[in-house]
Amino acid sequence: MKSRSAGGRFSIAITFTCCVVIGIDQFLTSRQTRATEPTQTNLDEQYTKIIHPLVAKYCLDCHSTKAKKGHLDLERFKSASDVRRDLEPWPALIEQIEAGEMPPKEKPQPSTGEKTQLVAWARDLLAAEAKPVWAIRGPCRCGD
Ligand code: HEC
């Protein structure tokens, strides 16, 4: 009798271990095969082909190195690498576009699709750099 119950417990332990191992295995596989994971190359290409032209079209009239409205120069971001080197303005850019504040109402507006592309790209890049928005912006910029 004693040995049977010990055996029962043992097989429960094996079953449990198997489940955990399979679970971990599936977790790892699903992470590896996520097709949507933006790679550095994707982000670089998207910036050059899509994002930079959108910024140039809708933002650089005012946010060029020369005009620099709101102390924001977006012209210096010639490539995704430039963005990686200076993430600071990007959370604000996401906020302003999402809130519909930028570009200013009287100026040509990006389509909903274009806004989504801009915001999604900036989010992906920030996520890829593994720095949450609040870590870059800091808790408060009340003095600005
Ligand atoms: C017609 C000129 C104009 C255009 C076009 C424009 N902006 Fe601005 N932007 C301003 C001015 C002026 C300010 C500062 C005053 C304010 O916040 O309203 C500003 C401020 C900002 C700020 C806030 C900076 C900060 O951290 O306080 C962000 C972010 C921004 N703009 C992003 C954009 C983006 C992105 C685009 C293009 C999609 C854009 N702007 C297009 C004039 C413009």
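Residues numbered from 1 in each chain as written. Predicted model: local features only at pLDDT ≥ 70, side-chain atom pairs only at ≥ 80, totals over all residues.

Participant: Can you lay out the nonpolar core for me, pointing to particular residues and giving the numbers?
Facilitator: Ranked by size, the top nonpolar core spans 17 residues in total, and within it Tyr-47, Ala-80, Val-83, Leu-118, Trp-121, Ala-122 and Leu-125 carry the most contacts. Counting residues per element, the ones that place at least two in this core are helix H2 (40-58), helix H4 (80-85), helix H5 (90-98) and helix H6 (112-128). In this view, Ala-122 contacts Trp-90, Leu-93 and Ile-94; residues no more than four positions away in its chain are not counted. (Core = buried A, V, L, I, M, F, W, Y, C linked by C-beta atoms within 7 Å. Buried ≥ 20, exposed ≤ 12 C-beta atoms within 10 Å, placed from the backbone. Helix = DSSP H or I, 4+ residues; strand = E, 2+ residues; numbered from the N terminus. Contact = placed C-beta atoms within 7 Å.)

Participant: Lay out H5 in plain terms, naming residues and giving numbers.
Facilitator: Among the residues of H5, those classed as buried are Trp-90, Pro-91 and Ile-97. Seen from one end, H5 has its buried residues packed into an arc of 135°, which puts them on one side. Among the residues trailing H5, Gly-100 stands out with phi positive, at a value near 75°. (Arc of directions from axis to C-beta.)

Participant: Report on unusual backbone geometry, specifying residues and quantitative values.
Facilitator: The step from Met-102 to Pro-103 runs through a cis peptide bond, and the omega angle for that step is -5°. Following the sequence through the fold, Pro-103 ends up in the loop between H5 and H6. Located in the positive-phi region is Lys-68, a residue other than glycine, with phi close to 50°. Structurally, Lys-68 can be placed in the loop between helix H3 (60-63) and H4. Residue His-71 is not a glycine yet carries a positive backbone phi of 60°. Relative to the helices and strands, His-71 resides in the loop between H3 and H4.

Participant: If you had to explain the environment of Leu-126 to someone new, which residues and values would you point to?
Facilitator: Relative to the helices and strands, Leu-126 resides in helix H6. Residues Leu-126 and Glu-88, 38 residues apart in the sequence, show an inter-C-alpha distance of 10.0 Å.

Participant: Go over the site of the ligand, please, and point to the residues and values.
Facilitator: Taken together, 17 residues lie near the ligand, and Cys-59, Cys-62, Lys-69, Gly-70 and Met-102 sit nearest. Among the elements that make up the shell around the ligand, the one with the highest residue count is H5 (four residues). Classifying every residue of the shell around the ligand gives 10 nonpolar, three polar and four charged. (Near = placed C-beta within 6 Å. Nonpolar A, V, L, I, M, F, W, Y, C, P; charged D, E, K, R; others polar.)

Remember that the coordinates give geometry; whether it matters functionally is a separate question.
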